[in-house]
Every structure is written in structure tokens, then in C-alpha cells.
Amino acid sequence: MEGNEKASRFYGNHAPFTRPAAIPPQGDSGTERRRRDSLSRQAARLRTGRGSSSGGALKRKGQGGAGPQFLSGLGRRAAASRSRRGADEARKPPGPPRAPPPPPPPSSLRRLVLVPPRPPGAMASGVTVCDKVIQVFNDMKVRKHAPQEEQKKRKKAVIFCLSEDKKKIILEAGKEILVGDLGDTVDDPYLHFVALLPPSDCRYALYDATYETKESKKEDLVFLFWAPESAPLKSKMIYASSKDALKKKFPGIKHEWQANGLEDIKDRQSLAEKLGGNCVISLEGKPV
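Since the structure is predicted, the reported quantities are computational estimates derived from the model, not experimental observations.

(A) Structural detail: the overall build of the chain. In terms of helices and strands, the chain carries 11 helices and 8 strands. The buried share among the 288 residues of the chain stands at 27%. Across the chain, contacts joining residues at least 24 apart in sequence account for 60% of those joining residues at least 6 apart. With an accessible surface of roughly 20,600 Å², the chain has 55% of that area assigned to carbon and sulfur atoms.

Below is the structure:
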């Protein structure tokens, strides 16, 4: 009674809210409550995967809740669907025959037909060697015991150049040294040979060198590729691309020499090094 008076003085006319006691549903007995609680616990165990052996096994196998019978049923239905599709395709009438592959384009056929075969003796640059060049090489290579008059007509040195149309390698007119000229109009054949080379264009040359070593006196042909720095670029390219093919026309040459200016060739010591190094003691009768 005293507590109610204090509450009425504190809250005034508004009494505090009190939760009413739970009223059990009508007709609810202890058996019904236990049955509902059991069903709730079973539902909770099924949700967490611990309710039954089959549910736990499926959870552990990663089936995602699908049973084995459901999966096997899917497989059977897929197999049946495939068999039906195969039967439908078998009943379809055969289609038209496959067309043959198209022929190659006409442009490639034209290229194959219009490219002419490389003529015999042609080089990578399209330049051919004149027959007179090969004949001169064979005459200089083979030294025969001929009469003195014929020996004088033998070439000591010769210069080769390209023709005006840049399609053939020919003998350059007036650019040669004969054996009969030695001691008559030519005092030093090597220096005379160097003077025959043009200062601003490329050339090929053959020089029959006579030299002496510590053991014996020898004669060898030297193939020279003359490509000065002042020569035109196009000329350098044509001569360089034709050099190896020209050498194949000159079998048996032991010495090859490339000079890019007078500094490389004006001294006979440079040629002596190509011929035998320190073993050469004289060249064309002149000490080195």
C-alpha cells in the first residue's frame, strides 16, 4: 500500500507499464509443447546438416543438398535427350555435297607464270659474265711453254667492269698489261696496275703476281675487288652482290683482295702480305 502511494506520487495519474503474464493457449498441454519442440530441433538440425546421416553425407560430399537419386535421374534424362537428338538427325535427309575448295587467286598464278627463269651464268643481282672474261682467266691461269712471241701477248693484269646497261661483266677496253710490255713501256708492273684503277668507281681485276720467298720464286693469280669510298652507292651494291658469283667462274684462285682506297693498295707491302706474309722478300723484282 505504501509502495503504491509512492508510485502514484512519482508517476502521477499514469501508472507504469507492466508486461502481462504469458497466457498459455487454450487446449495446450505438455505433450503438444514437447512435440513442437522436437520438430523445431529436427528442423534446426536439418538446416545445419547434422540432422540425419543422409544429410550429413551429402553435405560432406559437397552435393549442395541434392540427393543421389535426383542426380542419377538428371543423368538418365540427359542421356535420353542425346539419344533423341541423334535419332532426329539420323531421320533427316542428307544435305547437299560439300563444295570443293576455291582455286588460288589469279594474281599468284600470274606471278608464277610471268617470272622468267634465271639464265645460265646469272648472278643474284641479275648480272651475267661475258664469255671473253672466262677465256681471259683460263689463258692467265694456264701457263704453257709457248714461243716467245705468244708469251708476249699473255696478260699480266686485266680490269673487268660492268657494261653500260649494268647487265654483263666485260673486259674494260685499254685497261690491261701484257707480258711483252714489261721492261719496254712498263717499268714497274705493280704501280702501273694500281694506276689503271679508277679513283671513283668499282672494278674487278686479275693480277698475275711474280714474287720470291726465302725458298723459291712463285707466280700466283690475285683476284681484286676494288671498291673505293668515293664510288656511288648503287655501283657498290651491284659490284658487291656480283662478286661471289664471279669468283665461282674463276676456280683455283688462292688469293682474294678487297681494297677500299689507294691507302690500301699503293704500297706493294700490302700485296706481299696477302701472298705470303713475312716469307715474301721481293715482288716483281722489287724488295718489300
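Picking up after the structure, the text goes on.
(B) Molecular detail of the pattern of salt bridges. Scanning the model with the defined rule gives 11 salt bridges in all. Across the pair Glu-256 and Lys-243 runs a salt bridge, and its minimum N-O distance is 3.4 Å. Pair noted here: Glu-256 is in strand E6 (residues 255-259) and Lys-243 is in helix H9 (residues 233-248), with a separation of 13 residues, a long-range link. For Glu-256, a relative accessible area of 34% translates into the label partly exposed.

(C) Just the confidence of the model for the chain, in detail. Residues of the chain with pLDDT of at least 70 account for 68%, and the chain-wide mean is 76. Looking at the elements of the chain, mean pLDDT is at its lowest for helix H3 (residues 53-61), recorded as 44, and at its highest for strand E2 (residues 155-162), recorded as 94. Low pLDDT (under 50) marks residues 51-66, which in the prediction has 12 contacts with non-local residues, meaning those over four places away or in another chain. Confidence drops under a pLDDT of 50 for residues 108-113, and excluding neighbours within four residues, the segment shows 1 contact in the predicted structure.

Reading the values: rules and limits
Residues numbered from 1 in each chain as written. Predicted model: local features only at pLDDT ≥ 70, side-chain atom pairs only at ≥ 80, totals over all residues. Heavy atoms only, no water. Helix = DSSP H or I, 4+ residues; strand = E, 2+ residues; numbered from the N terminus. Buried < 20%, exposed > 50% of the residue type's maximum accessible area, 1.4 Å probe, protein only. Contact = heavy atoms within 4.5 Å. Areas by Shrake-Rupley, 256 points an atom, 1.4 Å probe, with all protein chains shown as cover. Salt bridge = Lys/Arg side-chain N within 4 Å of Asp/Glu carboxyl O. pLDDT = per-residue confidence, 0-100.

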